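Observations on the model geometry
Spelled out from the first residue to the last, the chains are:
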Amino acid sequence: MDALPIPAIPQHVAIVMDGNGRWATARHLPRVAGHNRGVDAVRKTVEAAGKRAVRYLTLFAFSSENWQRPADEVSTLMRLFVAALEREVDALEKNGVRLRVVGDLAAFAPRLRELIGEAERRTAGNDRLHLTVCAAYGGRWDIVQAARALAQRPADEVTEAEFARHLSLAFAPDCDLLIRTGGEQRISNFLLWQAAYAELYFSEALWPDFDALDFDAALAWYATRERRFGRVRARAAA
Ligand code: IPE
Ligand code: IPE
Ligand code: MG
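Residues numbered from 1 in each chain as written. Chains lettered and ligands numbered in written order. Predicted model: local features only at pLDDT ≥ 70, side-chain atom pairs only at ≥ 80, totals over all residues. Heavy atoms only, no water.

A volume near 1,100 Å³ is recorded for the largest pocket. Considering the residues around the largest pocket, the lining is formed by 47 residues, among which Met17, Val42, Phe60, Ala61 and Trp207 are closest to the centre. Here the residues of the lining of the largest pocket are counted per class, giving 26 nonpolar, 10 polar and 11 charged. Approximately 150 Å³ is the volume found for the second largest pocket. Along its surface, the second largest pocket is lined by Glu160, Asp174, Cys175, Asp176, Trp193, Gln194, Ala196, Tyr197, Ala198, Arg227 and Phe229. Looking at the lining of the second largest pocket residue by residue, the classes come out as 6 nonpolar, 1 polar and 4 charged. (1 Å grid on protein atoms, 1.4 Å probe; cavity = no way out; pocket = protein on both sides within 12 Å on 5 of 7 lines; lining within 4 Å. Points joined across faces, edges and corners; volume = space filled by probe spheres on them. Nonpolar A, V, L, I, M, F, W, Y, C, P; charged D, E, K, R; others polar.)

Here you go:
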């Protein structure tokens with residue numbers, strides 16, 4: 001039997017960036033202050049991932065279900081998204097980061113969709129770090145939109161590989177390490193397909209407090225995992 005892959009640096013890290021609201025509430029600030037600070041944590045995490053040679057970083061910024069939040073919180077999040085795109089794309093472009101935004105973007109304002117398109121085009125030639133922001137994204141949405149795309153195909157053509165080619169993260173390998181901050185231990189409709197064999201790491205840090213040290217702690221933990229993918233342990237097989 002082949003040796004099992006030795007995990008060192010995960011190729012694909014995904015993060016559920018949770019805890020912004022609690023961070024703000026603990027400081028007697030409005031929840032949106034937490035989202036504001038959350039953008040700084042995104043910048044630090046992108047830098048940390050680049051430094052550690054992670055190839056794919058996928059961030060959950062806004063879920064299909066987050067549309068159900070109060071209207072003023074949703075509109076603030078959209079404004080922050082616009083502001084972050086306007087401010088950060090130069091640096092991403094310079095630093096070899098390729099940005100993609102995936103999700104059901106049809107519900108976004110035209111201005112936001114334009115900025116997303118422009119940012120994606122400007123960074124399309126980059127290959128050092130593939131940064132994907134999941135916005136208006138849900139794992140179930142993704143699976144259903146892939147199923148729709150394949151619906152007219154003969155059943156025997158609908159293989160796992162062909163299905164995966166129609167998912168919105170078709171360009172990325174499966175998720176190796178899934179981090180969730182904020183202390184909750186759930187998936188909340190994130191990468192349902194791509195996280196099938198991800199190692200799950202839960203951090204108590206609220207997202208605005210998450211920094212390069214926390215990121216490195218997650219990588220160090222990941223390096224101790226033995227990924228078996230349903231097979232038996234390397235030692236037992238030898
Ligand atoms: C995560 O922080 C950001 C989004 C979901 C947009 P939350 O806003 O969920 O923060 P908590 O969980 O209420 O603390
Ligand atoms: C998950 O966080 C979505 C994002 C981080 C974008 P939520 O705060 O929406 O998840 P639940 O409601 O606690 O499951
Ligand atoms: Mg939350």
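What follows covers the site of ligand 2. Taken together, the neighbourhood of ligand 2 is formed by Val16, Met17, Asp18, Phe60, Ala61, Phe62, Ser63, Asn66, Arg69, Arg180, Arg186 and Ser188. One of the side-chain N or O atoms of Asp18 is found 3.1 Å from an oxygen atom in ligand 2. Contact between ligand 2 and Arg180: an oxygen atom at 3.3 Å from a side-chain N or O atom of the residue. Protein coverage of the free-state accessible area of ligand 2, which is 390 Å², stands at 78%. Of all the cavities here, the one that holds ligand 2 is the largest pocket. Sort the elements by how many residues they give to the shell around ligand 2 and strand S2 (residues 56-63) lands first, with 4 residues. (Near = heavy atom within 4 Å. Polar contact = N/O pair within 3.5 Å; in protein donor to acceptor, adjacent residues only side chain to side chain. Areas by Shrake-Rupley, 256 points an atom, 1.4 Å probe, with all protein chains shown as cover. Sits in = over half its atoms within 2 Å of the grid points. Helix = DSSP H or I, 4+ residues; strand = E, 2+ residues; numbered from the N terminus.)

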